[in-house]
Amino acid sequence: MSMPVNKFRPFILCQPGLRLLVHAVLLVIGLTSLCSCYHKHQPTSPDAIVYTEAQLDSISFSTTHHYSQNYNFIVKADSIVLLRQQPEEMLNQLPTDSLVLRKNDQLVVADIRMIPTDSIDSVWVQLAHDQETFGWIHESELLPKVYPDDPISQFISIFSDVHLLFFLIVIGLIGIVYILRLVLRSNAKIVHFNDIDSFYPTLLVLLVASSATLYASIQTFAPDMWRHFYYHPTLNPFITPTLLSVFLVSVWAIVIVALAVVDDVRHLLPVGEMVLYLCGLAAICAVDYMVFSVLSLYYVGYVLLVVYFFFAIRTYLSHSRCNYVCGQCGAKLHEKGRCPHCGAINQ
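Just so you know, the residues in each chain are numbered from 1, in the order the chain's sequence is written. It should be noted that, the model being predicted, local features are given only for residues of pLDDT at least 70 and side-chain atom pairs only at 80 or more, the latter also being counted only at that level, while totals for whole chains, interfaces and linings use all residues. Calculation of side-chain values draws on the structure's entire complement of heavy atoms; hydrogens and water are dropped beforehand.

A. Structural context of the overall build of the chain. Helices and strands together make up the secondary structure of the chain, namely 11 helices and 12 strands. Burial analysis of the chain (347 residues in total) assigns 39% to the buried set. Taking all contacts inside the chain whose residues are at least 6 apart in sequence as the whole, residues at least 24 apart take part in 62%. Carbon and sulfur atoms form 63% of the exposed surface of the chain, whose accessible area is close to 20,600 Å². In this text, helices come from DSSP runs of H or I with a minimum length of four residues, and strands from runs of E with a minimum of two, each type numbered from the N-terminal end. A 1.4 Å probe rolled over the protein chains alone gives each residue an accessible area, and that area as a share of the maximum for its type sets the label: buried under 20%, exposed over 50%, partly exposed in between. Between two residues, a contact is recorded if the distance between any of their heavy atoms is within 4.5 Å. Every accessible area reported is derived by Shrake-Rupley at a probe size of 1.4 Å, with residue values counting cover from the shown protein chains alone.

Listed below in structure tokens is the structure:
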């Protein structure tokens, strides 16, 4: 005789995946609470601080361009060419010399000058590699060849490369086809098609798809906000604008749910099947990220996201969730009938 699973399940916090999830949430809350401290500002009169014209220009430039003097960059291109002389000498067609910096060289912004008479770009940036290596370059030529000296900014720069995204989409689709073929031949478990009795894998792929869509939306509708975040990144969702806070919370949720997935899969599958399942799940997450982050730039991703949510949840509720347990051996069953584990008939 089969019985509903919920009559035999323990209290929800006793499930290993959810217990790990709760612990991870508490850990993240604790870490993020240490990322900022309270400082009581003394009341000051608006007239107490007097800025020079140069300071006002620097503040204005930093507000619109999101970097200023003493900001650190790293060369990401194969090379970058700097002008040794002053920009006016080049504009007046005087003899000039140049220097070449290589990939991964560290740079610091030494000076910024505005030259309205320059027809190419009025913003010139002076960079220093060391105390003896200085040079000038147009801002429009500089920014595509460098990224901020911060690991988060470097990660964003790498995964924002359009050519890399299309390449990864092709590789990801090939990997998905191969894994699906392998899984269907061996009747192994894989999310969406032959999933385990855990909602965490489905929740993980939906979080990845939602985060990728939100990532593309910020770039489309709030590019200046994203540009500022790129130059001044943080993982603390409590000190950023609302839209960025939602995005950072979704990123942390991906990390937490991924840990819960590994813990659940470890308890439900043997080691060999566990590795194959996690590889397939990682491939589907990669494809979800690339597809939704690209298609959302063209507004197709929003419709696709709604369809994907409906498909994923309906598939899990219809085919992956176990509603019964065997009355003899206690194994989980999708439907009544013969138990595949002990052969008992459940009605």
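There is more to say, and it comes next.
B. A look at the side chain of Thr 315. Inspection of the secondary structure puts Thr 315 in helix α11 (residues 300-320). Take Thr 315: its relative accessible area is 11%, and that puts it in the buried class.

C. Examining the environment of Leu 91 more closely. Examined against the element boundaries, Leu 91 turns out to sit in helix α3 (residues 87-91). Each C-alpha atom of the pair Leu 91 and Thr 117 lies 8.7 Å from the other, and the pair is 26 residues apart in sequence. In contact with Leu 91, not counting residues within four places along its chain, are Ile 115, Thr 117 and Asp 118.

D. Region of the structure containing the pattern of salt bridges. For salt bridges, the criterion is a side-chain nitrogen of Lys or Arg within 4 Å of an Asp or Glu carboxyl oxygen. According to the stated counting rule, one finds four salt bridges in the structure shown. With its nearest N and O atoms 3.7 Å apart, the salt bridge here joins Glu 141 to Lys 145. In this structure Glu 141 comes out as partly exposed when scored by relative accessible area, which is 34%. Here Lys 145 falls in the partly exposed class, since its relative accessible area comes to 27%.

E. Spotlight on the nonpolar core. Throughout this description, the term nonpolar core refers to a set of buried Ala, Val, Leu, Ile, Met, Phe, Trp, Tyr and Cys residues connected via side-chain atoms within 4.5 Å. Core analysis: the largest hydrophobic core is formed by 62 residues, its most contacted members being Tyr 67 and Phe 73. Considering every element that reaches this core, the biggest residue donor is helix α7 (residues 200-221), with 11 residues. When near neighbours in sequence (up to four residues on either side) are disregarded, Tyr 67 contacts Phe 61, Ser 62, Phe 73, Val 109, Ile 112, Val 125, Glu 139, Leu 143 and Tyr 231.

F. A look at the packing of α7 against helix α10 (residues 271-295). Here α7 crosses α10 at 25°, and the two axes come no closer than 8 Å. Classed by the angle they form, the pair α7 and α10 counts as roughly parallel. You can see that α7 and α10 cross each other, and the crossing is right-handed. Along the contact surface, α7 presents Pro 201, Leu 204, Val 205, Val 208, Ala 209, Ala 212, Thr 213, Tyr 215 and Ala 216, while α10 presents Tyr 277, Leu 281, Ile 284, Cys 285, Asp 288, Tyr 289, Phe 292 and Ser 293. Looking at the contact of α7 with α10 residue by residue, the class counts come to 14 nonpolar, two polar and one charged. Between the N-to-C directions of two axes lies an angle of 0 to 180 degrees, each axis being a line fitted to C-alpha atoms and, for a helix, fitted only over the stretch in contact. The scheme is simple: roughly parallel for angles under 35 degrees, roughly antiparallel for over 145, roughly perpendicular for 65 to 115, oblique for anything else. Crossings are assigned a handedness: left-handed for a near helix turned anticlockwise from the far helix by less than a right angle, right-handed for a clockwise turn. Residues were grouped as follows: Ala, Val, Leu, Ile, Met, Phe, Trp, Tyr, Cys and Pro as nonpolar; Asp, Glu, Lys and Arg as charged; and all remaining residues, including Gly, as polar.

G. Summary view of helix α9 (residues 242-268). The first and last C-alpha atoms of α9 sit 38 Å apart over 27 residues, in line with the 39 Å expected at 1.5 Å per residue. Among all positions of α9, only Leu 244, Ser 245, Phe 247, Leu 248, Ser 250, Ile 256, Val 257, Ala 260, Val 261, Asp 263, Asp 264 and Val 265 are buried. Each helix should span, by expectation, one fewer than its residue count multiplied by 1.5 Å.

H. Looking closely at the pairing of strand β5 (residues 106-114). As paired strands, strand β2 (residues 72-75) and β5 are joined by three bridges and run antiparallel to one another. Residue pairing in the sheet places Phe 73 in a bridge with Leu 107 of β5. A pair of strands is labelled paired if DSSP reports no fewer than 2 bridges between them. Pairing analysis gives six bridges linking β5 to strand β6 (residues 123-130), with the strands arranged antiparallel. Counterpart to Asp 111 in the pairing with β6 is Gln 126.

I. Summary view of the pairing of strand β4 (residues 98-102). Only one face of β4 is buried: it carries Leu 99 and Leu 101, and the other face, with Ser 98, Val 100 and Arg 102, is open. Pairing between strand β3 (residues 79-83) and β4: five bridges, direction antiparallel. Counterpart to Leu 83 in the pairing with β4 is Ser 98.

J. The arrangement of the environment of Asp 150 in detail. Following the sequence through the fold, Asp 150 ends up in the loop between β8 (146-148) and α5 (151-159). Of the residues examined, Asp 150 reaches a relative accessible area of 24% and is grouped as partly exposed. Linking Asp 150 and Phe 73, residues 77 residues apart in sequence, is a C-alpha distance of 8.5 Å.

K. Quick peek at the packing of aromatic side chains. In summary, the pairing rule links any two rings of Phe, Tyr or Trp, Trp by its six-membered ring, whose centres are within 6.5 Å, and it sorts them by plane angle into stacked for under 30 degrees, edge-to-face for over 60 and tilted for everything else. One pass over the full model with this rule turns up 16 aromatic pairs. A ring pair is formed by Trp 226 and Phe 229, whose centres lie 5.3 Å apart and whose planes are at 40°; its orientation type is tilted. Of this pair, Trp 226 and Phe 229 are both found in helix α8 (residues 223-231), three residues apart, which corresponds to roughly one turn of the helix. Of the two residues, Trp 226 and Phe 229, neither departs from the other in class, the shared state being buried. With a centroid separation of 5.6 Å and 50° between ring planes, the pair formed by Phe 292 and Tyr 308 is classed as tilted. With Phe 292 in helix α10 and Tyr 308 in helix α11, the pair connects residues that are 16 residues apart, well separated along the chain. Residue class for Phe 292 comes out buried when judged on its relative accessible area of 3%. Only Lys NZ and Arg CZ are tested; either one counts as a charge over a ring when it is within 6 Å of the ring centre and within 35 degrees of the ring normal. One residue, Arg 113, lies across the ring of Trp 136, its end atom 5.7 Å from the ring centre.

L. Layout of unusual backbone geometry. Phi at Asn 104 is positive, roughly 75°, even though this residue is not glycine. Checked against the element boundaries, Asn 104 lands in the loop between β4 and β5. Its identity is not glycine, yet His 192 carries a phi of approximately 80°, on the positive side. Its location among the elements puts His 192 in the loop between α6 (162-186) and α7. Looking at His 192, the relative accessible area reads 9%, which means it is buried.

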